[in-house]
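# Examining the three-dimensional arrangement
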2 protein chains.
Amino acid sequence: MFLTNQSVSAAESEMNDDPATEILDATYQALCDHGYAALTLQDIAAEADVSKASIHYHYGSKENLFTEFLEYLYSRYTAHLEPDAETPRRRLFELLETVLADETTPDRPFRTAMLEVKAQAPYDDAIRDRLAEFDEYLYEQFRETIAAGIEEGTVDERVDPAVAAEFLTTAVTGARTRQVSVDRSPDCLRESIERYVRSHLLAGETAEVAQ
Amino acid sequence: MFLTNQSVSAAESEMNDDPATEILDATYQALCDHGYAALTLQDIAAEADVSKASIHYHYGSKENLFTEFLEYLYSRYTAHLEPDAETPRRRLFELLETVLADETTPDRPFRTAMLEVKAQAPYDDAIRDRLAEFDEYLYEQFRETIAAGIEEGTVDERVDPAVAAEFLTTAVTGARTRQVSVDRSPDCLRESIERYVRSHLLAGETAEVAQ
């Protein structure tokens, strides 16, 4: 999704003296390989090439390790979504491109595992609270960008930033779910959401007539 | 979601002479109680008050039983979504109301379990094919209804039924996921999608100015 194999490798080479971070990187890989339900500390230890005792020393229980792992992912997610575009209009499409990027094969198992994690949320407050942070961050990025686009004049001033951001967050979540569960093409899903933005959010001259 | 406790009870009283159907009803309850990953034939047998041998006799493996269970759910899903409204415009809101109904407590575990099942789809072609049927059915209901609404004059003629139906299917899927994973209010999610329909799909006099 947002932690590509490249970024894991980069993290490993940057921080390979830090066993706590190595364990988090290994958790990512083990999660991709085994899924969440089947994930064991032994899988993570084997991936990190450390002992289970070392994991216990750094993180305590599997539950606690996983909560820390989600926090680690969150810091990478927010870094990955840092704005690069120069205008709100471009930023809106940059956001969609980043969160709905066509998946390379190594990322697909991760997205699948994250759907499994989402299904655990009702049983685990710590997981649900962490997932809510991802959800709220994305919502807030959309809301701020749309509000800035209205200021800029490229987003229709009749759009309510909070309403549109809520709807876009729901659509992005649905795109990720459908990609995993019914193998819907990421390109097709992204095109569908971008079309909504172009037709219904952008102002006059930049908006499309066709809906 | 669409198989309420009432409908299970009704099915049980209608068909309590059919052990094969009783096993499917028991699978529904056991899925709600245990989730998908932890679900065993023993759980289902205990719920149905039959032996594991009886389940094997009727359905063979757990995998086969689950595929049959998804087919059984599908037939109930399509029956539950049968049109009742008199006009396409009403039908559009009826569809959203049915698929995004505020969950009563007994249905929530079922929706959670179904999210777990969705995360299994990449590993199991039979599950993915069944889930694709639900997805395609909902898409087709939206597409037909929007096309009929254009004929009727209540849906904006510039709307492309296929594009809008694809987008609505994604939004409904996202609403279900966010409800489970970040405990987002079903009412709030439904309101957000209905607002999109009122603002962007309905024609002139019925559409809302505010976006």
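These notes cover the structure that comes with them. Within any chain, residue numbers begin from 1 and follow the written order of that chain's sequence. Lettering for chains starts from A, numbering for ligands starts from 1, and both go in the order in which the items are written. The predicted origin of the model limits local features to residues at a pLDDT of at least 70 and limits the giving and counting of side-chain atom pairs to 80 or more, whereas totals for whole chains, interfaces and linings rest on all residues. As a rule here, side-chain values cover all heavy atoms of the structure and leave hydrogens and water aside.

### Digging into the relation of the copies chain B and chain A
Fitting of the copies onto one another was done by least squares over C-alpha atoms, counting residues only where both copies have pLDDT of at least 70. Superposition record for chain B on chain A: RMSD 0.0 Å, screw rotation 180°, translation along axis 0.0 Å. Here the two chains are linked by the operation of a two-fold rotation axis. When each C-alpha of chain B is compared by its distance to the rotation axis, B:Gly174 comes out closest, at 1.6 Å.

### A short note on the interface of chain B and chain A
In what follows, a contact means two residues having at least one pair of non-hydrogen atoms within 4.5 Å. Contact with chain B, which involves 44 residues of that partner, is made by 44 residues of chain A. Between chain B and chain A, roughly 3900 Å² of surface is buried when both sides are summed, and carbon and sulfur atoms account for 61% of that area. Should a side-chain nitrogen of Lys or Arg be within 4 Å of a carboxyl oxygen of Asp or Glu, the pair is scored as a salt bridge. Summed over the shared surface of chain B and chain A, the number is six salt bridges. The salt bridge involving B:Arg178 is made with A:Asp135; its shortest N-O contact spans 2.8 Å. N or O atoms closer than or at 3.5 Å make up a polar contact, with two conditions inside protein: a donor-capable atom paired with an acceptor-capable one, and, for residues adjacent in sequence, both atoms drawn from side chains. There are 10 residue pairs in polar contact (both at pLDDT 80 or more) connecting chain B and chain A. A run of H or I in DSSP becomes a helix once it reaches four residues, and a run of E becomes a strand once it reaches two; helices and strands are each numbered from the N terminus. Elements that contribute at least two residues to the side of chain B that touches chain A include exactly α7 (108-120), α8 (125-152), α9 (161-181) and α10 (186-201) of chain B. The greatest single-element share of the side of chain B that touches chain A, amounting to 13 residues, is contributed by α9(B). Here the quantity called buried area is the total loss of accessible area, with a 1.4 Å probe, experienced by two parts when brought into contact, counted for both.

### Some points on the packing of aromatic side chains
Note on aromatic pairs: the rings of Phe, Tyr and Trp (six-membered ring only in Trp) are paired at centre separations within 6.5 Å, and the planes decide the class, stacked below 30 degrees, edge-to-face beyond 60, tilted for the rest. Per the counting criterion, the structure on display carries 20 aromatic pairs over all chains. Here A:Phe167 and B:Tyr196 contribute two aromatic rings whose centre-to-centre distance is 4.9 Å and whose plane-to-plane angle is 25°, an arrangement assigned as stacked. Of the two residues, A:Phe167 sits in helix α9 (residues 161-181) while B:Tyr196 sits in helix α10, which places them in two different chains. Relative accessibility decides the category of a residue: with a 1.4 Å probe and only protein chains considered, values under 20% of the type maximum give buried, values over 50% give exposed, and everything between is partly exposed. The exposure class assigned to A:Phe167 is buried, which follows from its relative accessible area of 2%. The exposure class assigned to B:Tyr196 is buried, which follows from its relative accessible area of 6%. Judged by centre distance (6.1 Å) and plane angle (85°), the rings of B:Tyr74 and B:Tyr137 are edge-to-face.

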